[in-house]
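Residue-level structure breakdown
Spelled out from the first residue to the last, the chains are:
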Amino acid sequence: MAERRVNVGWAEGLHARPASIFVRAATASGIPVTIAKAGGNPVNAGSMLAVLGLGAQGGEEIVLASEAEGADAALDRLAKLVAEGLEELPETV
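Report follows, based on the coordinates. Everything numeric here is computed off the predicted structure, so don't read it as measured data.

1. What about the nonpolar core?
Leu 14, Phe 22, Ile 35, Ile 62, Leu 64 and Leu 78 are the most contacted members of the largest nonpolar core, which totals 27 residues. Contributing elements (two or more residues each) for this core: strand E1 (2-7), helix H1 (17-28), helix H2 (48-54), strand E4 (61-66) and helix H3 (71-84). The leading source of residues in this core is H3, at seven residues. In this view, Ile 62 contacts Arg 4, Arg 5, Val 6, Val 8, Leu 14, Ile 35, Ala 36, Lys 37, Ala 38, Ala 56 and Val 82; residues no more than four positions away in its chain are not counted.

2. Points about the sheet that holds strand E3 (residues 43-44)
Through backbone hydrogen bonds, the strands of a sheet pair up, either in parallel or in antiparallel fashion. Strand order in this open sheet of four strands is E1-E4-E2-E3, and the pairing throughout is antiparallel. In this open sheet, the two edge strands, each paired with only one partner strand, are E1 and E3. As paired elements, E1 and E4 share six bridges and run antiparallel to each other. Looking at E4, one finds that Asn 7 is bridged to Glu 61.

3. Looking at H3
Its 14 residues place the ends of H3 20 Å apart at the C-alpha level, agreeing with the 20 Å of an ideal helix rising 1.5 Å per residue. Within H3, the full set of buried residues consists of Ala 71, Ala 74, Leu 75, Leu 78, Ala 79, Leu 81 and Val 82. Seen along its axis, H3 keeps its buried residues to an arc of 160 degrees; they face one direction. Where H3 is buried, its residues meet E1, H1 and E4.

Rules used in this analysis
- Residues numbered from 1 in each chain as written.
- Predicted model: local features only at pLDDT ≥ 70, side-chain atom pairs only at ≥ 80, totals over all residues.
- Heavy atoms only, no water.
- Core = buried A, V, L, I, M, F, W, Y, C linked by side-chain atoms within 4.5 Å.
- Buried < 20%, exposed > 50% of the residue type's maximum accessible area, 1.4 Å probe, protein only.
- Helix = DSSP H or I, 4+ residues; strand = E, 2+ residues; numbered from the N terminus.
- Contact = heavy atoms within 4.5 Å.
- Pairing = 2+ DSSP bridges.
- Expected span 1.5 Å × (residues − 1).
- Arc of directions from axis to C-beta.

If you want it as structure tokens, here you go:
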């Protein structure tokens, strides 16, 4: 299983707009991805309600994971998006 640990770069955490940006990016990756708070239960990264339900705050560590083939590149892009608090998914890392 591929996994990335990253701190949330958005000051407001994964709330409203940042969560929407993240969920769209996770869905666009085309692979099943989970997200969890460090030590918490993973949820579907493509579900807005699940991501909002995490209540991840700015600076808090989250874990992105996937068992899909080719997950490393997708997780690298998602990790960069979250860590840097970007407004859209980066094309390259």
